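Listed below, chain by chain, are the residues.
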Amino acid sequence: MSLRNTDWNFNRLQELIESRGEEVIVESGLACPCRNSDHYAALLRHEGTSASQALLSCSHCSGDGFIYRNVRIIKGLITSVSSGSNRKLIELGYAMSGDCVMSPSLNVSRVSDFDKITLQFSIPFNDGQVIFRGAANYRDNVHIATDLKKNEDRLWYLPSDIIWCEDVNGVVYTVNSDFIIENKKVVWVGNQPSVGTLYTIKYFGFPEYICYSTPLDRFDRNRNLGQRVLLRRKHVAF
C-alpha cells in the first residue's frame, strides 16, 4: 500500500490514551490580580511604577501569583522526557530532567499556558524538602505579611504520608505528636526546632505540574491530532 494512502486511525489513538493514560486533575491557571496591586495603588496616587510581583499575604494565591479555576478531570498519556524520543527535548534545551510530556485525550478541552496538572497518586519527593523553621516570621521577614502563623511552615505539595523529619542538629520529630499537617502546611504543636533552624521533611505527596511552555496543537488536514504538553514540577517552574 502506498504511503500516500496511509491515514490516521483516530479510534486507535484514542484507545491508546484511554487504555494507557492516567486520570489527572487539570486547573486553568490565571494571573492573580494581586500581582498588580502595587501598580494600581501607585496609579491612584498618580505615581509611576512598574507592575509588582505577587503579594505574599494574598489569600487567593498564597503568594504564588497564580490562581487556579475550572477544575476538571481528564485522561492523558504521560511520559518522562528521559525516555524515548522525548530525550531530544532535553538536548535542544526545551526540557530538563524531571519534566514530562502529556498527550491529553482528543475529546477534552485543551490545556493552556500555566495550567496546573495534579496526579492522583502520591510519590516520595526525592531526598526531601529542606525548610528554614519560621522563615515567614524571621527577623526582617516579620514585616512581610503572609498567611503563615509563627508555628507554621509551608510545604511544596499536599502530603499523603510523612516518611521522616529531622533537623540539622539530628533531632527527629514525629507527625501527629510534634507536628500535624494541614493542607500544605506543617503546623508545630509540640517539640519543634527553634526559629532559624534548618530541618528536612520527606513525604509522599501528590505531584503538581505546570504547563510552562505553550502546548503544541497538532493538526493534519484540519483534523485535531491532540496536544503535546510539556510539564514541569510546580516548585521548579516557579
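A brief look at the structure comes next. Per chain, residue numbering runs from 1 following the sequence as it is written. Thresholds applied to this predicted model are a pLDDT of at least 70 for local features of residues and 80 or more for the giving and counting of side-chain atom pairs; totals over whole chains, interfaces and linings are not thresholded and use all residues. Side-chain calculation: all heavy atoms of the structure are included, whereas hydrogens and water are not.

1. Examining the overall build of the protein
Counting from the N terminus, the helices are the DSSP runs of H or I reaching at least four residues and the strands are the DSSP runs of E reaching at least two. The helix and strand inventory of the protein stands at 4 helices and 14 strands. To sort residues, take the accessible area from a 1.4 Å probe on protein chains only and compare it with the maximum for the residue type: under 20% means buried, over 50% means exposed, and anything in between is partly exposed. The proportion of buried residues among the 238 residues of the protein is 36%. Pairs of residues are marked as contacts when any of their non-hydrogen atoms sit within 4.5 Å. A fraction of 71% describes how many contacts in the protein between residues 6 or more apart in sequence connect residues 24 or more apart. Here, Shrake-Rupley sampling with a 1.4 Å probe gives the accessible areas, and only protein chains in the shown set may cover a residue. For the protein, the exposed surface amounts to about 14100 Å²; the carbon and sulfur share of it is 51%.

2. What about the pairing of strand β1 (residues 22-31)?
Strand direction decides the pairing type here: β1 and strand β2 (residues 66-80), joined by 9 bridges, are antiparallel. Residue pairing for β2: V24 is matched across the bridge by I74. Relative to strand β4 (residues 116-119), β1 runs antiparallel, the two being bridged by 4 bridges. The residue bridging I25 from the neighbouring strand is T118, located in β4. A pair of strands is labelled paired if DSSP reports no fewer than 2 bridges between them.

3. Focus: the layout of surface pockets
Points on a 1 Å grid, built from protein atoms alone, make a cavity when a 1.4 Å probe fits but cannot get out and make a pocket when they are open with protein on both sides within 12 Å along at least 5 of 7 lines; residues with an atom within 4 Å of a point are the lining residues. Grid points are joined across faces, edges and corners, and a volume is the space filled by probe spheres set on the points. The space that makes up the largest pocket amounts to roughly 1200 Å³. Lining the largest pocket are 40 residues; nearest its centre among them are S62, D64, R154, L155 and W156. Where the lining of the largest pocket is concerned, the elements lending two or more residues are β2, β4, β6 (129-132), β7 (152-154) and α4 (234-237). Across the lining of the largest pocket, the residue classes break down as 18 nonpolar, 12 polar and 10 charged. In this structure, the second largest pocket encloses a volume near 200 Å³. Forming the boundary of the second largest pocket are 16 residues, of which L13, I17, L77, S103 and R218 lie nearest the centre. Those elements giving two or more residues to the lining of the second largest pocket turn out to be α1 (10-20), β2, β3 (100-104) and β14 (223-233). Each residue gets one label: Ala, Val, Leu, Ile, Met, Phe, Trp, Tyr, Cys and Pro are nonpolar, Asp, Glu, Lys and Arg are charged, and the others, such as Gly, are polar.

4. A word on the pattern of salt bridges
Where side chains of opposite charge bring their charged atoms close, a pairing between them can arise. By convention in these notes, a salt bridge is any Lys or Arg side-chain nitrogen within 4 Å of a carboxyl oxygen on Asp or Glu. All chains considered together, the criterion is met by 8 salt bridges. K116 is paired through a salt bridge with E208; the nearest N and O atoms lie 3.9 Å apart. Placement of K116 in strand β4 and of E208 in strand β12 (residues 208-211) is noted, with a sequence separation of 92 residues between them. The buried category is assigned to K116, whose relative accessible area is 8%. Since its relative accessible area comes to 5%, E208 is described here as buried. Of the charged contacts in the structure, one is a salt bridge between E152 and K185, with a shortest N-O distance of 3.6 Å. Placement of E152 in strand β7 and of K185 in strand β10 (residues 185-188) is noted, with a sequence separation of 33 residues between them.

5. Thoughts on the side chain of Q227
Following the sequence through the fold, Q227 ends up in strand β14. A relative accessible area of 6% places Q227 in the buried class. N or O atoms within 3.5 Å of each other form a polar contact, as long as, within protein, one can give a hydrogen and the other can take it, and as long as residues adjacent in sequence are counted only when both atoms are side-chain atoms. A distance of 2.8 Å separates the side chain of Q227 from the backbone nitrogen of V111, its partner in a polar contact. Beyond its immediate sequence surroundings of up to four residues, Q227 is in contact with M102, S103, P104, R110, V111, P215, L216, D217 and R218.

6. Side note on the nonpolar core
In these notes, a set of buried Ala, Val, Leu, Ile, Met, Phe, Trp, Tyr and Cys residues joined through side-chain atoms within 4.5 Å is what counts as a nonpolar core. If you look at the biggest cluster of nonpolar residues, it comprises 13 residues, and the most contacted ones within it are C165, F179, V186, W188, Y199, I201 and Y203. For this core, the secondary structure elements donating two or more residues are β8 (159-167), β10 and β11 (198-205). Examining the composition of this core, we find that 3 residues originate from one element, β11, more than from any other. Contact partners of Y199, with chain neighbours within four places excluded, come to Q129, V130, I131, R133, D153, C165, E166, D167, V186, W188 and P193. Of all hydrophobic cores here, the second largest spans 12 residues; its members include V24, V26, I74 and C211.

7. Topic: unusual backbone geometry
Positive phi outside glycine occurs at N176, with the angle close to 70 degrees. Within the element layout of this structure, N176 appears in the loop between β8 and β9 (179-182). Unusually for a residue other than glycine, N183 sits at a positive phi of about 55 degrees.

8. Some thoughts on the side chain of R72
Within the secondary structure, R72 sits in strand β2. Neither His nor the chain termini are counted; the positive set is Lys and Arg, and the negative set is Asp and Glu. As a buried residue without a salt bridge, R72 has its nearest oppositely charged side chain in D115, at a separation of 4.0 Å. At 3.0 Å, the side chain of R72 forms a polar contact with the side chain of S28. Setting aside its immediate chain neighbours within four residues, R72 contacts V24, I25, V26, E27, S28, S109, R110 and D115.

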